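Spelled out from the first residue to the last, the chains are:
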Amino acid sequence: MTKQFNESMAPFRELVNIQTKMLEELTRQQMECTKACLEATMQQSSELQKCKTPNDLIELQQAYAKELETTLKAANEQNMKALTAAQQAIQQLTQNSLEAFTGKK
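The rules behind the values
- Residues numbered from 1 in each chain as written.
- Predicted model: local features only at pLDDT ≥ 70, side-chain atom pairs only at ≥ 80, totals over all residues.
- Heavy atoms only, no water.
- Helix = DSSP H or I, 4+ residues; strand = E, 2+ residues; numbered from the N terminus.
- Buried < 20%, exposed > 50% of the residue type's maximum accessible area, 1.4 Å probe, protein only.
- Contact = heavy atoms within 4.5 Å.
- Expected span 1.5 Å × (residues − 1).
- Bend = angle between axes of the 7 residues up to and from the residue.
- Salt bridge = Lys/Arg side-chain N within 4 Å of Asp/Glu carboxyl O.

(A) Expanded view of the side chain of Q44. Within the element layout of this structure, Q44 appears in helix 1 (residues 2-48). Here Q44 falls in the buried class, since its relative accessible area comes to 11%. Each residue touching Q44, except ones within four places of it in the same chain, is listed here: L60, Q61 and Y64.

(B) Expanded view of helix 1. For helix 1, built from 47 residues, the straight-helix expectation of 69 Å at 1.5 Å per residue is met to within 8% by its first-to-last C-alpha distance of 67 Å. The largest bend in helix 1 amounts to roughly 40° and is located at A10, with the proline P11 lying one to four residues further along. Of the residues making up helix 1, those classed as buried are I18, M22, Q29, C33, C37, A40 and Q44. Looking at the packing, one finds that the buried side of helix 1 touches helix 2 (54-102).

(C) Highlighting the pattern of salt bridges. Counted according to the given criterion, the structure contains four salt bridges. Measuring nitrogen to oxygen at the nearest pair gives 2.4 Å for the salt bridge that ties E32 to R28. Placement of both E32 and R28 in helix 1 is noted, with a separation of four residues, approximately one turn of the helix. For E32, a relative accessible area of 46% corresponds to the partly exposed category. Taking the relative accessible area as the measure of exposure, R28 reaches 38% and is therefore partly exposed. Notably, a salt bridge pairs K50 with E47, separated by 3.4 Å at the nearest N-O pair. Connected through salt bridges with shared partners, the residues E25, R28 and E32 form a single ionic network.

Structure, rendered in structure tokens:
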């Protein structure tokens, strides 16, 4: 009976593993994105002191905004990859469980 219970819980454990891996990846990516944004802000702050004209300031702000945009776009793409991979793994797990339940393969 214990063996049967363990076998019936296997898909649930796999689902938890998939979700855990996805959350770990999203957290890692969020930390990298935050770090990159902080570094860009610190760099921009140090460069701010070098501005001598309003045009220098405008160029600095534009470069800063572009760098943040690039960082956020890359983070979004990585987040979508992690979510898509998790979704595909869950769909495959669901399909396999359904096939096992109905006896089809």
